[in-house]
Amino acid sequence: MSQKKSDKSETEGQKHILSVLVENKFGVLVRVSGLFSRRGYNIDSLSVAVTENPSISRMTIVVRADDQVLEQVKKQLNKLIDVIKVIDLNDEEHVERELALIKVKTVKDTKPEILQIVDAFRAKVIDIATDSFIIEVTGDDKKIEAIETLLRPFEIQEMVRTGRVGLSRGYKEGSRDRN
Amino acid sequence: MKKQTETISGAQAFIESLKCESVDTIFGYPGGSLLPIYDAIFDCDLHHILVRHEQAAAHAADGYSRATGKVGVCLATSGPGATNLITGIATANMDSSSIVAFTGQVNSSLIGNDAFQEADITGITLPITKHNYLVQRAEDIPTAICEAFHIASTGRKGPVLVDITKNATVDRVLFSYPKDVNIPSYKPTYKGNMQQIKRAATEILKAKRPLIFSGGGVISSNASEKLVELSELLNIPVTLTLMGLGAMPSSHKNFIGMPGMHGMKTANYAIQNSDVLIAVGARFDDRVTGRIEDFASGAKVIHIDIDPAEISKNIYAEIPIVGDVSIVLKDLISIINERINTRSNEKLIQEYKANNDKWVNDILKHKSENPLTYDKNSPLIKPQFVVETISELAPNAIIVTDVGQHQMWAAHYFDFKYPRQFISSGGLGTMGFGLPAAIGAKVGCPDKTVINITGDGSFQMNSQEIATAVQHNLPIVSVIINNGYLGMVRQWQELFHDKRYSETDIQNSVDFVKLAEAYGALGFRVTEKSDLKRTLKEAIDSQRPAVVDVLVDRSENVYPMVPAGASINEYLEPDA
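Residues numbered from 1 in each chain as written. Chains lettered and ligands numbered in written order. Predicted model: local features only at pLDDT ≥ 70, side-chain atom pairs only at ≥ 80, totals over all residues. Heavy atoms only, no water.

Asks: Which parts of the structure should I look at to understand the interface of chain A and chain B?
Replies: Chain A puts 15 residues into the contact, and the matching count from chain B is 18 residues. Between chain A and chain B, a total of about 1400 Å² is buried, with carbon and sulfur atoms accounting for 55% of that surface. Of all residues in chain A, Arg31, Lys75 and Ile81 of chain A give up the largest surface area on contact with chain B, accounting jointly for 44% of the area buried on that side. Across the salt bridge formed by Lys79 of chain A and Asp307 of chain B, the nearest N and O atoms sit 2.6 Å from each other. (Contact = heavy atoms within 4.5 Å. Buried area = accessible area lost by both parts, 1.4 Å probe. Salt bridge = Lys/Arg side-chain N within 4 Å of Asp/Glu carboxyl O.)

Asks: Mind showing me how you'd approach the pattern of salt bridges here?
Replies: Should the charged atoms of two oppositely charged side chains come close, the side chains can pair. All names here are of chain B. Counting across every chain of the model gives 46 salt bridges over all chains. A salt bridge links Glu369 to Lys365; the shortest N-O distance between them is 3.6 Å. Taken as a pair, Glu369 and Lys365 lie in helix α15 (residues 346-369) at a separation of four residues, close to a single helical turn. Comparing Glu369 with Lys365, the two get one shared label, exposed. Taking the shortest distance from any N to any O, the salt bridge between Asp531 and Arg534 comes out at 3.6 Å. (Helix = DSSP H or I, 4+ residues; strand = E, 2+ residues; numbered from the N terminus. Buried < 20%, exposed > 50% of the residue type's maximum accessible area, 1.4 Å probe, protein only.)

Asks: I keep staring at helix α21 (residues 487-496) of chain B and nothing clicks. Help me out?
Replies: Three- or four-residue spacings in an α-helix give side chains the same orientation, since the helix completes a turn every 3.6 residues. All names here are of chain B. Along α21, the residues classified as buried are Gly487, Met488, Arg490, Gln491, Gln493 and Glu494. Considering only its buried residues, α21 is in contact with α17 (405-413). Backbone geometry just downstream of α21 places Asp498 in the positive-phi region, at approximately 60 degrees.

Asks: I keep staring at the pairing of strand β7 (residues 132-139) of chain A and nothing clicks. Help me out?
Replies: Consecutive residues of a regular strand have side chains that alternate between opposite faces of the sheet. Residue and element names in this part refer to chain A. Burial of β7 is extensive: six of the eight residues sit out of reach of the surface. As defined by bridge partners, strand β5 (residues 94-105) adjoins β7 across eight bridges and the pair is classed as antiparallel. Paired with Ala100 across the strands is Val137, a residue of β7. In sequence, strand β6 (residues 124-128) turns back onto β7 through a hairpin of three residues. (Pairing = 2+ DSSP bridges.)

Asks: Any chance you could explain the domain arrangement of chain B here in plain terms?
Replies: In many reports, interface size means the accessible area that the parts give up when they come together. Residues and elements named next belong to chain B. With domains assigned, chain B is organised as domain 1 (3-176), domain 2 (194-369) and domain 3 (383-551). Counting residues at the interface gives 19 residues for domain 2, matched by 18 residues for domain 3. Here domain 2 meets domain 3 over a buried area of about 1400 Å², counting both sides, of which 64% is carbon and sulfur. Contact with domain 3 buries area across many residues of domain 2, yet Leu242, Leu245 and His262 alone supply 38% of it, more than any other trio. Along the contact surface separating domain 2 from domain 3 lie zero salt bridges. Across the contact surface, domain 2 and domain 3 share four residue pairs in polar contact (both at pLDDT 80 or more). (Domains from an automatic or database assignment. Polar contact = N/O pair within 3.5 Å; in protein donor to acceptor, adjacent residues only side chain to side chain.)

Asks: Would you mind going over the nonpolar core with me for this structure?
Replies: Soluble globular proteins tend to bury their nonpolar side chains together. All names here are of chain B. Residues Leu332 and Ile451 are the most contacted members of the largest nonpolar core, which totals 72 residues. For this core, the leading source of residues is helix α14 (residues 325-340), giving seven residues. Both of domain 2 (194-369) and domain 3 (383-551) provide at least three residues apiece to this core. In contact with Ile451, other than residues within four places in its own chain, are Ile390, Ala394, Ala397, Ile398, Ile399, Val400, Val477, Val479 and Ile540. (Core = buried A, V, L, I, M, F, W, Y, C linked by side-chain atoms within 4.5 Å.)

Asks: Looking at this model, I keep getting lost on the layout of surface pockets. Mind explaining?
Replies: Of the voids in this model, the second largest pocket is the one considered here, and its volume is about 1100 Å³. Arg39, Gln76 and Lys79 of chain A together with Arg156 and Asp307 of chain B are the residues nearest the centre of the second largest pocket, which is lined by 39 residues in total. Looking at the lining of the second largest pocket, the elements that each hand over two or more residues are α1 (28-38), α2 (67-79) and β4 (83-88) of chain A together with α5 (86-94) of chain B. No other element matches α2 of chain A, which puts four residues into the lining of the second largest pocket. (1 Å grid on protein atoms, 1.4 Å probe; cavity = no way out; pocket = protein on both sides within 12 Å on 5 of 7 lines; lining within 4 Å. Points joined across faces, edges and corners; volume = space filled by probe spheres on them.)

Asks: What exactly am I supposed to notice about the sheet that holds strand β2 (residues 42-50) of chain A here?
Replies: Consider a sheet: its strands pair through backbone hydrogen bonds, and that pairing is either parallel or antiparallel. Residues and elements named next belong to chain A. Pairing in this open sheet of four strands is antiparallel, and the strands run β2-β3-β1-β4 from one edge to the other. The outermost strands of the open sheet, each flanked by one partner alone, are β2 and β4. The mean angle between the axes of side-by-side strands here comes to 20 degrees, regardless of whether they run parallel or antiparallel. Relative to strand β3 (residues 56-65), strand β1 (residues 14-23) is paired through ten bridges, and the arrangement is antiparallel. By the bridge assignment, Lys15 is partnered in β3 with Arg64. Its contacts with the sheet put α1 on β1, β2, β3 and β4, and the angle it makes with β3 is roughly 10 degrees. The sheet strands contacting α2 are β1, β3 and β4, and the helix crosses β4 at an angle near 160 degrees. (Axes fitted to C-alpha atoms, helices over the stretch in contact; angles between N-to-C directions.)

Quick look at the structure:
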């Protein structure tokens, strides 16, 4: 998902991963995404699903912004009544992953070469048809972009990415989603 | 907590919930999806004010809230009733006014089917409410109402909308009202960080040219007395934004007027020359700051606000203090007092006083050299003179305004005495706000005289509400500063568009006297300067809803004026 509205953060700014815990309620996604478009903030990707606590969802939002805009993004998110906590993963040690499914065209001669690439990236072929593979790859966005580049000459027919998700590292007392 | 063993309808639960919130007045308009609620209203003792357009219900709730400090409540039916509230809700949102707006909704089984009078009002009002709810079950009504009132009236105040489906108002429920509210994700900060407050005290006592710059947050947190106390304690000049007017009496020796685009030159001068700017419950709106890079560029900014998102949004705050203005000021004052009374600070205080004398004298000199002026000898009725006359005749009246030139004249020329005396749409600038907001103010403060200072353009945007004032016997005097123009736009056309008055001449569009009389109100017209005072007095003394149409000098402009985007010390001067 990409939002282009104002130029205030289009060119400048670093990517930040915000991990946002929200009440798992009707309409929360639109409250959050609406805030971004209304105030002209850029979303690179957004993924959302329920956490281990069924009353809470976690949104992972990748946003490009300079420090001042990022500060506003965090404050405005915190102002939403349904937002419980906003964590900037860039501030702490964290791991992040993204998953992509890539459907690539195959002909007899190209299959071994594609399988080699899949192997090298520790990706998986999860569907084989007579003239195509669907490849599942997990990693950070650089890895996904790299495999995409290598597969492009074989003709990528379709591709889908989940957007990044992340978690901070290590066990922290009291950092359960709802304590 | 009230517990009952018998079930009641959702509509009755709605009424009971309002009672639990101590609501005594609702501004509303019935409709299909509200039939069960209106049936319950029929035999309850809530004071229901029937407006003539739902927009007015929202403005009236807003005016009620601003005048009383309590939560204003409005009610409208689904679809068009709900969408008609939008301007009123947006107005309340921009000025952080606490209202709870209730809307009817079609049966939950019909939601999403484009049913008759269906509108996704929670979706539509998402960007203009502090929060909103869609309630589809009778048993959810009490909790939603309890949370809505809590959210609207705490933290940075604002409008909350509760959309209730018709089936939820019909279904039966065992009524019980929540004892307290628990919203884990909503915990406003009230007490300011003491370290920051101490830092602020240090900066203030080191300041050579301190200035208090204050806005609507002071009114909303009932902190006016503390603001005056701080100002008097250290002899600090005070400028109040449009939303802050009344927080300190206009006649107070430390008050230097409103800042900004149409601000007093002395207020802008003080901002530009201050070295410590103490911003209290103000949000640095563009109409106040002018070109932002040049605003108070020599000052360290201390920013006290309950909303963390306002800190460093427009102006970087060296010392941010998040908290309730009233509580923070109390702490700040006691720390300053402590320091003043500490022996070792004697020299510091003396230095402060010496610098302060120079600064205050400088400001007083500037003030005496740059008074507000208009041509008092003109044979025509000058709009400023109208406001001065009202100020003389009704010094303690609540003054409500519409939006435009008359609003700025009211802000400048009325001598405000107390907080909540001035009620005006600042952030959104909503024409048509005046009369319905005046209705809300009068219902909330029945013992006060309420005067709506309006323009001939604005007044026509909600003039149907004369009917509401007459029906409910609300003696509101609307004084129309009638120049036959959409005056503020005309002023900009004169100054920036080569006097090409595109669609702003509305002279003789209606006979306001007959209009008033048609509704059963009193109508007056003033064409002679010498008649003004007598007629205004007659209207105010009549104790009836009245409209006074004052034909003023058509060409008068609002000055001082800083053009949009310029620094606040770059003025456009009137042609001599």
